[in-house]
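Here is how the chains run, residue by residue.
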Amino acid sequence: MKRFRGYVLLGGTIIAVLAKTPAAPLQDSPPTLVIEEVVEARALEHERRVPTLNASSIAKQFGTAAIPEWEKYLDHEDGRTRANARFGIAQIGKRSDDVQLRRNLLTQLVKSSLEDSQLDGKIAHLFGFRPGDATDEVRRLLLERLNAPGESGAKLRYEPAVIQATGRLVIREAIPRLKELRALEPVDGNEKNPFRGRWAMLALARMGDSKAIQDTIATLENIEDGQQRTMNLGYLSIIHQPEAVEHLKKYLFSDTVYPTEAADLPAIRDQDYAYWALISMLVVPKDVTYTNFREWIGAQKS
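Residues numbered from 1 in each chain as written. Predicted model: local features only at pLDDT ≥ 70, side-chain atom pairs only at ≥ 80, totals over all residues. Heavy atoms only, no water.

1. A closer look at the nonpolar core
Working step 1: Ranked by size, the top nonpolar core spans 79 residues in total, and within it W70, L106, V110, L142, I163, L178 and L202 carry the most contacts.
Working step 2: It is helix α9 (residues 199–206) that provides the largest number of residues to this core, a total of 7 residues.
Working step 3: What L142 contacts, discounting residues up to four positions off in sequence, is V110, L114, V162, A165, T166, L169 and I171. (Core = buried A, V, L, I, M, F, W, Y, C linked by side-chain atoms within 4.5 Å. Buried < 20%, exposed > 50% of the residue type's maximum accessible area, 1.4 Å probe, protein only. Helix = DSSP H or I, 4+ residues; strand = E, 2+ residues; numbered from the N terminus. Contact = heavy atoms within 4.5 Å.)

Right under this line is the structure:
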């Protein structure tokens, strides 16, 4: 079993660096003790990566039995702990084949998020849920928040977390408001991450808006630094559109490699980032894994 060091979805970006250090196994103990240890580790800044890995393992080992244990932390005084609890619950929900359970958990998570005074764009708990999991209540809650006026009498309220949620859950009733919010977004983005601050563009692209899809691909290709461009490929996975899949093929079949400065980290490859973007959209065959995908690529080329 390998631990993937640096595979983090940050606003949709897949930061991919593989490390061959073994993942620590879960203890043979009830979910209460395991989750307590995860929460304690989360409080340590340098251990921020641990809970994400353990939340997934907890979901696999304990399933729904862990939900009540995570729920204990939804009202915790620390905002990061609350966010971690939502993430832990989501790992269980998104793996379930029980449609009603997924819907119930998504409703709970959206309510908890919108009531959180430290929302701050943290919607990792929504990754993996499907548009069909959004109940009428979820749609209503997100639309009400999206359409709420801004502070100090401003007409619009720009909340990245809410914008991303409406896009990922494909709430089409939000399109008119998203177009208004899109007009507020910067023309030139951050040099390393030009997608940050362009959440309405990504949400509209996710819903099939042709102009937003074109803008998303152009935003990627306008990144001058090749390594940074590759590291932002994950944003194309957010929009789940055929145009994104076709564009990613260029990188999937590329042999470009960018060496890293750190000696203990492998080089950054176009193929790696394209693979993880495509697999997150479930367009790579199930029998293709990280260990054999280069052979699969070679077969597609021939």
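2. Looking at unusual backbone geometry
Working step 1: Despite not being glycine, V170 shows a phi value in the positive range, around 50 degrees.
Working step 2: Of note, V170 is situated in the loop between α7 (160–168) and α8 (175–182).
Working step 3: For V170, a relative accessible area of 12% translates into the label buried.
Working step 4: In the Ramachandran plot, H240 falls in the positive-phi region, its phi being about 50 degrees despite a non-glycine side chain.
Working step 5: Along the chain, H240 falls in the loop between α12 (234–239) and α13 (242–252).
Working step 6: With a relative accessible area of 37%, H240 lands in the partly exposed category.

3. A short note on the packing of helix α5 (residues 99–114) against helix α6 (residues 136–147)
Packed helices, taken two at a time, are described by the angle between their axes plus the distance between the axes.
Working step 1: Their axes nearest at 9 Å, the elements α5 and α6 cross at an angle of 20 degrees. With respect to each other, α5 and α6 are oriented roughly parallel. As for the relative orientation of α5 and α6, their crossing is left-handed in sense. Residue-level contacts link L106, T107, V110, K111 and L114 of α5 to E137, V138, L141, L142 and R145 of α6.
Working step 2: Its residues placed into classes, the contact of α5 with α6 shows 6 nonpolar, 1 polar and 3 charged. (Axes fitted to C-alpha atoms, helices over the stretch in contact; angles between N-to-C directions. Parallel < 35°, antiparallel > 145°, perpendicular 65-115°, else oblique. Left-handed = near helix turned anticlockwise from the far one by under 90°. Nonpolar A, V, L, I, M, F, W, Y, C, P; charged D, E, K, R; others polar.)

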